[in-house]
Amino acid sequence: MHRVPSLLTRLRPGRTATPSLAALRWKSAPPPPAATSAAAAEPFINGTSSSYVEEMYVQWLRDPASVHVSWDAYFSRAAGGAPPGAAYSSPPSLATPAANTAPVTALVPHGAGASSGVARAATADEKSIQDHLSVLGVIRSYQIRGHLVARLDPLEIERKPVETASEIVVRGYMKSFDEQDMDTVFQLPSSTFIGGSQKALPLGEIVSRLERAYCRSIGVEYMYINDLEQCSWIRQRIESPGILQFSSDEKRLLLARLARASGFESFLARKWSSEKRFGLEGGEVLIPAMKHIIDISSAMGVESFVMGMSHRGRLNVLANVCRKPLEQIFSQFAALEVADEGSGDVKYHLGTYVERLNRLTNKNVRMAIVANPSHLEAADPVVQGKTRAEQFYRGDNEGNKVMSILLHGDAAFSGQGVVYETIHLSDLPAYTTHGTIHIVVNNQIGFTTDPRLTRSSPYCTDVARVVNAPIFHVNGDDPEAVMHVCKVAAEWRNTFHKDVVIDIVSYRRNGHNEIDEPMFTHPFMYNKIKKTPNLLEKYSQKLIEEGTVTADEFKDVVNRYEKICEQALEASKKETQIYNKHWIDSPWSGFFEGKDPLKMSTTGVVEETLAHIGRRVGSAPPNAVDFVIHRGLQRVLNLRLEMVEERTADWALAEAMAFGSLLKEGVHVRLSGQDVQRGTFSHRHHVMHHQKVDMATYCPLQHLYPDQAQYSICNSSLSEFGVLGFELGFSLTNPNALVCWEAQFGDFCNTAQVIIDQFIASGQAKWVRQSGLTLLLPHGMEGMGPEHSSARLERFLQMCSDDPEYFPPFAADEFAIRQLHDSNMIVANCSMPSNYFHVLRRQIYLPFRKPLILMTPKSLLRHPRARSSFDDMREGTEFRRVLPDVGPAAKLPQAVRRVIFCSGKVYFDLEKRREELALQEQVAIVRLEQLSPFPFDEVKQQLDLYPADADIVWTQEEAKNNGAWAYIEPRFETTAARAKVIRYVGRSCSASPATGSKTAHVKELDQLLGDSFGGL
Ligand SMILES: Cc1ncc(C[n+]2csc(CCOP(=O)(O)OP(=O)(O)O)c2C)c(N)n1
Ligand SMILES: [Mg+2]
């Protein structure tokens, strides 16, 4: 016989006044009764109860016998046309109740006069309906609010008193019940699975099953999910009786995995007691959790796992999830010389890649942990991009073979905006990875700060609610509960291909790192922690007590792992060097082999290819008659065809030719960013839109050649950090792809600064990881105000690693490629479409990969002089790092009195002014198209060409403290081997990148152009 939970008994207050049934006003007879507004206005027919009525109605429609007789009576009468209110008259007499089933009449209080039969029956019916509604309310309350009082905290610091807990969950719903009602059997609605095969349960049993499902070690948030099937799917896996039963084998495996997780940390603690390792102690259950997810996903067909995580527990994950050789991990603790390239990184940031057999599924799995900087959560979008790329190149369109797992700290998950930016990519067609499993190692602290001071949201995981991800909070000291939610999460991902979050509530046994004192700031918490036995101790005790393992067996497991660690340590001591390449997270097998790192062919293409691509991107879709295109677009297309006829290309056409020719050569091209399909400046138009049919589009670059590679042109979410990180990740997977990210305006890239600083500029040096990611950053002072003007060229240049005081002694024919090889990234500011064409193609032709940062034009897109002849893009042509003067000055260099060096759009302003001043013979203008690595050799040729006493000037349109000036000045001095070789002409230093006044802009430009030619 069921026992009523005492807390509920204590809670039950005086009964609230029940509304009179006669007062119910139905505007019309059902179906469906609950939908009517008058009914909804009734005190208990609203919200939850109205959906209950609807549910009862649906059930009744299917099978009248399946609902309570009172509902049957009501629906039958209502359906038979009973007038409003009348449908609620007394129900038919009830059948003999089943054992333990209280008939509705039994609920009528003693003393109700027998003579007032109708009134008595009406009262009974009223109570019955009220009770049913309350039961439904209770069930829904547990489903929605049960997590609020679940016993999630292993330290039990925040545990709520029993009474408060119940108030929080069931609120008023239990108030209508008496002690004796607890034995009353209630029909279970189809929105719960607590009955298992039983359709009805006593109220007390209903409550205790709900408590078991929702208020123990698992607190699940899912009722906000809009998809009913998904809600129901979760309910089934949380509520069904017996779901938390584990076999003896499963428990033993779990214990063995826990033993390894704990053993690893205690081994490191013993051997390197004063070394930082950001141990997992307190959250060791993470290891079996991850392994369980991998086992289950592997069984369901996943072959490759791309993972991202921060410092916490990283070494343990490497050792026990990835099974990275322990020797390699241990040798990171020794002060050994690095034997290969790169400046390396601390051991808890390094990436890894392993392929191994999953013992449980007997299938091979590949696991990569992406290298990451200290910047918490910054690797999230990188992991997603890498995952998506793997899926893309495998043709895994639903994520059945490749999946991502992201690990988070509680403080970082709630604090870092990139988490939101990443999660918001999860359902976008060009960015989805078909579901990520997020695991939060929620140790309830961030460095020294309490969650009460680090977030405003109730949970650290609330950000995931925006994408309707279910969130499983689980007590980390209940390892079986953790395994259960891992299983559900893995199955969820496999079923719905959507994100899911596991929040493992745990604690951090030590300080932030092992040499940090936590008692300074958290005396209360840490006194508790000191008294809390570790999980391995607790769980092994439990299994020994229940007879699943013997004490000796357990000891044996622990000792065996200890021995493995000892042996690995001995082996690691024999190592004399460490290799950064052992920690590559994205190996490109086959890419470098057989390649001469200093050889590269030219990047021009045959004219027929240029013309073909030009004609394709200049034409309407093949079925143009049916496909109505915008008139303005038609003009753009016509212009493109004209240019093809004239054998010229503007910026957009040259870009299409670069992309198209690579596609022809089998190179996947992906361009991603905000509004890239049309282009911020309405110049690209890679996707044409049917003007009469919604979503009917045509992308000519996808239809150039029958056997071409795929072209991905992806309008992104309005995020820079998330999307740039994603594209960086994408670029890591396949070196034979041109992956470009375009900023709407160049300066917006500063919201993605972490990706630029921590990954793009320094990724190869730290992690031996190359990337050919290309950034297109619209840049130029055009009177558009302080924002929208500067892509912050100076910042990129400042991060370039070429030495300003070192003129590389490379042979002339190898100078350019050697410099590129040794650089950390390339920064270019092209002034001609042909050079843009070549620099894009060069990204693929290089025998290695380097990030390319391109300042791209705005007004230049349509500048009549910014057009290139096909001759500059044909076979044999290539990217030109410097564009020398080709006019009268170059023809008679001895007569030149001034040489103006510049870069980008200002060239056209200078050229025009020179023409106006008729100074073509006196002034040479030289363009630096590639700023970094600095073309020392070609600049030297230019300096040598002109008279030694010629005035050498650098003109830029950016303010003096911005732009390329600070970068080029010392390099000119190195080139000329003398100080003050070049003088600055341009705007003064400025705090703001550009003026907000158009007039001031024009004046400033006039002034700098005047100064450029002044004194001649
Ligand atoms: C973006 C960023 N800001 C600040 C830090 C400094 N920092 C390192 S760890 C840490 C606390 C992280 O707390 P949490 O995310 O809960 O992870 P835990 O260390 O508790 O596992 C902070 C603030 C950082 N690494 N990254
Ligand atoms: Mg934390």
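Calculation criteria
Residues numbered from 1 in each chain as written. Chains lettered and ligands numbered in written order. Predicted model: local features only at pLDDT ≥ 70, side-chain atom pairs only at ≥ 80, totals over all residues. Heavy atoms only, no water. Donors = N, O, S within 2.8 Å, 3.2 Å for Na, K, Ca; no water. Buried < 20%, exposed > 50% of the residue type's maximum accessible area, 1.4 Å probe, protein only. Near = heavy atom within 4 Å. Polar contact = N/O pair within 3.5 Å; in protein donor to acceptor, adjacent residues only side chain to side chain. Areas by Shrake-Rupley, 256 points an atom, 1.4 Å probe, with all protein chains shown as cover. Helix = DSSP H or I, 4+ residues; strand = E, 2+ residues; numbered from the N terminus. Nonpolar A, V, L, I, M, F, W, Y, C, P; charged D, E, K, R; others polar. pLDDT = per-residue confidence, 0-100. Contact = heavy atoms within 4.5 Å. Core = buried A, V, L, I, M, F, W, Y, C linked by side-chain atoms within 4.5 Å. Pairing = 2+ DSSP bridges. Axes fitted to C-alpha atoms, helices over the stretch in contact; angles between N-to-C directions.

Moving on, we come to the coordination of the magnesium ion (ligand 2). In this structure, D410 (OD), N443 (OD1) and I445 (O) serve as the protein donors to the magnesium ion (ligand 2), at separations of 2.0 Å. Here the donor residues of the magnesium ion (ligand 2) share one chain and are spaced in sequence as D-x32-N-x1-I. The exposure classification of N443 matches that of I445, with both residues buried.

Surrounding ligand 1, one finds 15 residues, the nearest of these being R312, S374, D410, A412 and N443. Contacts to ligand 1 include S374, whose backbone N or O atom sits 2.8 Å from a nitrogen atom. The separation between a nitrogen atom of ligand 1 and a polar main-chain atom of L376 is 3.2 Å. Notes on ligand 1: free accessible area 580 Å², of which the protein chains cover 76%. The greatest single-element share of the shell around ligand 1, amounting to three residues, is contributed by helix 14 (residues 410–415). Here the shell around ligand 1 is composed, by residue class, of five nonpolar, eight polar and two charged.

It is worth spelling out the confidence of the model for the protein at this point. For the protein, the mean per-residue pLDDT works out to 89, and 88% of the residues sit at or above 70. This stretch, residues 1–49, has a pLDDT under 50; its non-local contacts, to residues over four places away or in other chains, come to 102 contacts. Segment residues 89–122 is flagged for pLDDT under 50; beyond a separation of four residues in sequence, or across chains, it makes 34 contacts in the model.

This part covers the nonpolar core. Counting residues in hydrophobic clusters, the biggest one holds 189 residues, and the most contacted among them are F330, F901 and I968. The greatest single-element share of this core, amounting to ten residues, is contributed by helix 17 (residues 479–496). Setting aside residues up to four positions removed in sequence, F330 forms contacts with F264, F267, L268, W272, C565, A568, L569 and S572.

Strand order in the open sheet made by the five strands is 23-25-24-27-28, with mixed pairing throughout. The open sheet has two free edges, formed respectively by strand 23 (882–883) and strand 28 (983–987), since each of these has just one partner strand. Sheet strands in contact with helix 33 (residues 965–976) are strand 24 (898–902), strand 25 (923–928), strand 27 (951–959) and strand 28, and its direction is about 165° off that of strand 27. In this fold helix 34 (residues 998–1013) packs onto strand 24, strand 25, strand 27 and strand 28, with an angle of close to 160° to the strand it touches most, strand 28.

Turning to the sheet that holds strand 18 (residues 737–742), a few remarks are in order. Spatial ordering of the open sheet is given by 17-14-18-19-21-20-26, a layout of seven strands whose pairing is mixed. Two strands close off the open sheet at either side, each with one partner strand: strand 17 (711–715) and strand 26 (930–932). This sheet shows a mean twist of 20° between the axes of neighbouring strands, independent of strand direction. In this structure, strand 18 lies alongside strand 19 (residues 774–778), joined through three bridges in parallel fashion. Across the sheet, the residue bridging to W741 is L775, located in strand 19. Its contacts with the sheet place helix 23 (residues 651–664) against strand 14 (668–673), strand 17, strand 18 and strand 19, and it is angled at close to 140° to strand 14.

For the rest of this paragraph, the subject is the environment of A812. Here A812 lies in the loop between helix 27 (793–798) and helix 28 (815–822). You can call A812 exposed: its relative accessible area is 73%. Measuring from C-alpha to C-alpha, the distance between A812 and D937 comes to 7.7 Å, with 125 residues separating the pair along the chain.

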